[in-house]
Amino acid sequence: IVIINIEQVPTAYINLDRDTDKRKSMETVLSKFQTAVRVPGVEKELGKSSEQAVAEAHLKALNIFPTTMTLILEDDCIPYSYRNTITVPDDADIVHLGLFGNPWIIKNVDDDVARVALLNGAHAILYVTERGKDQLRWAVEQCLLIDHWHDCLLSRRLGNINAYALKKPIFAQSSKLNQSWMEIE
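This one's a predicted model, so the numbers in the text were calculated from it and none came from an experiment. (Residues numbered from 1 in each chain as written. Predicted model: local features only at pLDDT ≥ 70, side-chain atom pairs only at ≥ 80, totals over all residues. Heavy atoms only, no water.)

Q: Can you tell me about the nonpolar core, naming the residues and giving the values?
A: Formed by 27 residues in total, the largest nonpolar core has its most connected members in I72, I94, L119, I125 and Y127. Elements with a minimum of two residues in this core: β2 (11-15), α2 (50-62), β10 (124-127), α3 (130-146), α4 (150-156) and β11 (163-166). Broken down by element, this core gets its largest block of residues, five residues, from α2. Residues in contact with I125, not counting those within four places in the same chain, are T70, L71, I72, I94, V95, H96, L119 and L154. If you look at the next biggest cluster of nonpolar residues, it comprises 24 residues, including L30, L71, L97 and F171. (Core = buried A, V, L, I, M, F, W, Y, C linked by side-chain atoms within 4.5 Å. Buried < 20%, exposed > 50% of the residue type's maximum accessible area, 1.4 Å probe, protein only. Helix = DSSP H or I, 4+ residues; strand = E, 2+ residues; numbered from the N terminus. Contact = heavy atoms within 4.5 Å.)

Q: Any details on the packing of α2 against α3? Residues and values, ideally.
A: Across the interface, α2 lies against α3 with an axial gap of 9 Å and an inter-helix angle of 150 degrees. With respect to each other, α2 and α3 are oriented roughly antiparallel. For α2 against α3, the interelement crossing comes out left-handed. The residues of α3 that touch α2, namely those facing E51, Q52, A55, E56, H58, L59 and L62, are K133, L136, R137, V140, C143 and L144. Partitioning the contact of α2 with α3 into residue classes produces seven nonpolar, two polar and four charged. (Axes fitted to C-alpha atoms, helices over the stretch in contact; angles between N-to-C directions. Parallel < 35°, antiparallel > 145°, perpendicular 65-115°, else oblique. Left-handed = near helix turned anticlockwise from the far one by under 90°. Nonpolar A, V, L, I, M, F, W, Y, C, P; charged D, E, K, R; others polar.)

Q: Tell me about the sheet that holds strand β8 (residues 105-108), and name the residues and values.
A: Within a sheet, each strand pairs with its neighbour through backbone hydrogen bonds, oriented either parallel or antiparallel. One open sheet holds the eight strands; their spatial order is β3-β2-β4-β10-β7-β11-β9-β8, and the pairing between them is mixed. The open sheet has two edge strands with one neighbour each: β3 (36-40) and β8. Averaged over all neighbouring strand pairs, the angle between strand axes comes to 25 degrees, with direction disregarded. Sheet analysis places strand β4 (residues 70-74) next to β10, joined by four bridges and oriented antiparallel. Bridging from a neighbouring strand, T70 pairs with Y127 of β10. On the sheet, helix α1 (residues 20-29) packs against β2, β3 and β4 and is oriented at approximately 165 degrees with respect to β2. (Pairing = 2+ DSSP bridges.)

Q: An account of the packing of aromatic side chains is needed here, citing residue identities and associated values.
A: The geometry of an aromatic ring pair comes down to the distance between the two centres and the angle between the two planes. Inspection of the entire model under this criterion finds one aromatic pair. Both rings, one in Y82 and one in F171, keep their centres 6.1 Å apart while their planes meet at 65 degrees; by these two values the pair is edge-to-face. In this pair, Y82 sits in the loop between β5 (77-79) and β6 (85-88) while F171 sits in strand β12 (residues 171-173), placing the two residues 89 residues apart along the sequence. Residue Y82 is classed as partly exposed on the basis of its relative accessible area of 31%. (Phe/Tyr/Trp six-rings, centres within 6.5 Å; stacked < 30°, edge-to-face > 60°.)

Q: Quick rundown of the pattern of salt bridges? Include the residues and the values.
A: Summed over the entire model, instances satisfying the criterion amount to 12 salt bridges. Close ionic contact of K133 with E130 constitutes a salt bridge, the shortest N to O distance being 3.7 Å. Separated by three residues within a single helix, K133 and E130 lie in helix α3, roughly one turn from each other. The class of K133 is buried, set by a relative accessible area of 2%. Within this structure, E130, K133, D134 and R137 form a network of salt bridges that share partners. (Salt bridge = Lys/Arg side-chain N within 4 Å of Asp/Glu carboxyl O.)

Q: Describe the environment of S31, naming the residues involved and giving the relevant values.
A: Relative to the helices and strands, S31 resides in the loop between α1 and β3. Residue classification places S31 among the exposed positions, given a relative accessible area of 57%. Along the sequence, S31 and L118 sit 87 residues apart, while their C-alpha atoms lie 31 Å from each other. At 3.1 Å, the side chain of S31 and the backbone oxygen of T28 are in polar contact. (Polar contact = N/O pair within 3.5 Å; in protein donor to acceptor, adjacent residues only side chain to side chain.)

Q: Explain α3 to me, and be specific about the residues and the numbers.
A: Here α3 contains 17 residues, and its C-alpha end-to-end distance of 24 Å stays within 8% of the 24 Å for a straight helix at 1.5 Å per residue. Looking at α3, one finds that the buried residues are G132, K133, Q135, L136, A139, V140 and C143. Mapping the buried residues of α3 onto a view down its axis gives an arc of 155 degrees, with all of them on the same face. (Expected span 1.5 Å × (residues − 1). Arc of directions from axis to C-beta.)

Right, here's the structure in full:
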């Protein structure tokens, strides 16, 4: 078991230059974080889909810190069941800190963490190991080739790593709160 204070983890949040309200919101959410860096989002342009633009932004965010452990957030994250400390298994490669809908649970680890085989979204993921980061790199490369959402492609690779999700997510996607968004039961 590893105890992680997420406010001490190098954190990158993705934000398009034109989304100034979301930027202000993220600055407030991350005000207690030791290292929180804004990564300019990638605009959709001719010959590039929105899926590819989002994937490129995630790759930029992943590569901003030389550290292994990195938290990547999208700019529509808001606190949900916020706490600054989480406990995760010591073999974790990635931990999803926010969900909209239930992932495919392989095994409940304890009252707060489940091993998962499917993720719903990539709006709040803690990359704990290089192995976890390598899976995101693969997903982005594939997205750029086949033009498919990188989070769906990342989910296809979870059998290669130890992926976990919090049963009571720390973050929610503000754009998803009015949908069937729930904690893991």
